[in-house]
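Examination of the molecular architecture
Residue strings, one per chain:
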Amino acid sequence: MIRELVAKFFQRTGGFEVFTADNPTAGIAALEIIAPDLLVTDLLMPGGNGIEMREAAIAKYPEIKTILMSGTLGEATAEERGRFDGVLLKPFYQEAFIKMVRDVLGLTT
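Notes on the structure in this doc start here. (Residues numbered from 1 in each chain as written. Predicted model: local features only at pLDDT ≥ 70, side-chain atom pairs only at ≥ 80, totals over all residues. Heavy atoms only, no water.)

A short note on the overall build of the protein chain
- Within the protein chain, the regular secondary structure consists of 5 helices and 5 strands.
- Taking 109 residues into account, the globule formula puts the C-alpha radius of gyration at 13 Å, and the protein chain, at 13 Å, falls close to it.
- Taking the principal axes of its C-alpha atoms as reference, the protein chain extends roughly 30 × 30 × 30 Å.
- Across the 109 residues that make up the protein chain, the buried fraction comes to 32%.
- Partitioning the contacts of the protein chain with sequence separation of at least 6, the portion at a separation of at least 24 is 55%.
- When the accessible surface of the protein chain is split by element, carbon and sulfur atoms take 56% of a total near 6,800 Å². (Helix = DSSP H or I, 4+ residues; strand = E, 2+ residues; numbered from the N terminus. Rg over C-alpha atoms; globule rule 2.2 N^0.38 Å. Buried < 20%, exposed > 50% of the residue type's maximum accessible area, 1.4 Å probe, protein only. Contact = heavy atoms within 4.5 Å. Areas by Shrake-Rupley, 256 points an atom, 1.4 Å probe, with all protein chains shown as cover.)

Quick look at the structure:
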């Protein structure tokens, strides 16, 4: 439900085209048919984690930007977190999220 709300928010207010996946397997499969500019992933997901998602995305699209979000970053090492272009702790305000996305993508406000 949160995933869909975030997607709708970005489509409406950010003007972004958004693709969602409910697990890492579906997300990795989507990388075969879409060429995203940005991957936003949660640290913990059913059937995998955001670190694995990032690695799969980078392997296919080396220039892709990545944002990691999580309620707790305890499972990710500082080195793993540092590989992302942005890290966002939940809960967060929508404005902070859209600002991070725009900053990571190098878009002006």
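Some remarks on the pairing of strand E4 (residues 65-70)
- Most of E4 sits inside the fold, with 5 of its 6 residues counted as buried.
- Here strand E1 (residues 38-42) runs beside E4; their pairing, made up of 5 bridges, is parallel. Residue pairing across strands places Thr-41 opposite Leu-68, the latter belonging to E4.
- Examined bridge by bridge, E4 and strand E5 (residues 86-89) share 4 bridges and lie parallel to one another. Looking at E5, one finds that Ser-70 is bridged to Leu-89. (Pairing = 2+ DSSP bridges.)

Examining the layout of surface pockets
- The calculated volume of the largest pocket comes to roughly 1,300 Å³.
- Lining the largest pocket we find 40 residues, and of these Arg-3, Val-18, Phe-19, Thr-20 and Val-40 sit closest to its centre.
- Contributions of two or more residues to the lining of the largest pocket are made by helix H1 (2-14), helix H2 (24-30), E1, strand E2 (44-45) and helix H5 (94-105).
- With 7 residues, the top contributor of residues to the lining of the largest pocket is H1.
- A breakdown of the residues in the lining of the largest pocket according to their chemical character gives 29 nonpolar, 5 polar and 6 charged. (1 Å grid on protein atoms, 1.4 Å probe; cavity = no way out; pocket = protein on both sides within 12 Å on 5 of 7 lines; lining within 4 Å. Points joined across faces, edges and corners; volume = space filled by probe spheres on them. Nonpolar A, V, L, I, M, F, W, Y, C, P; charged D, E, K, R; others polar.)

What about the sheet that holds E5?
- The 3 strands lie next to each other as E1-E4-E5, forming an open sheet whose pairing is parallel. Each edge of the open sheet carries a strand with a single partner, namely E1 and E5. Across the sheet, the axes of successive neighbouring strands diverge by a mean angle of 20°, strand direction being ignored.
- Sitting on the sheet, helix H3 (residues 50-60) is in contact with E1 and E4, with an inclination near 160° to E1.
- Packed on one face of the sheet, H5 meets E1, E4 and E5 and runs near 155° to E4. (Axes fitted to C-alpha atoms, helices over the stretch in contact; angles between N-to-C directions.)

Remarks on the pattern of salt bridges
- Using the criterion set out here, one finds 6 salt bridges in the structure.
- Measuring nitrogen to oxygen at the nearest pair gives 3.6 Å for the salt bridge that ties Arg-83 to Glu-55. Of this pair, Arg-83 sits in the loop between helix H4 (78-82) and E5 while Glu-55 sits in helix H3, placing them 28 residues apart in sequence.
- Of the residues examined, Arg-83 reaches a relative accessible area of 34% and is grouped as partly exposed.
- Salt bridges here are not isolated pairs; linked through shared partners, they connect Arg-54, Glu-55, Glu-79 and Arg-83. (Salt bridge = Lys/Arg side-chain N within 4 Å of Asp/Glu carboxyl O.)

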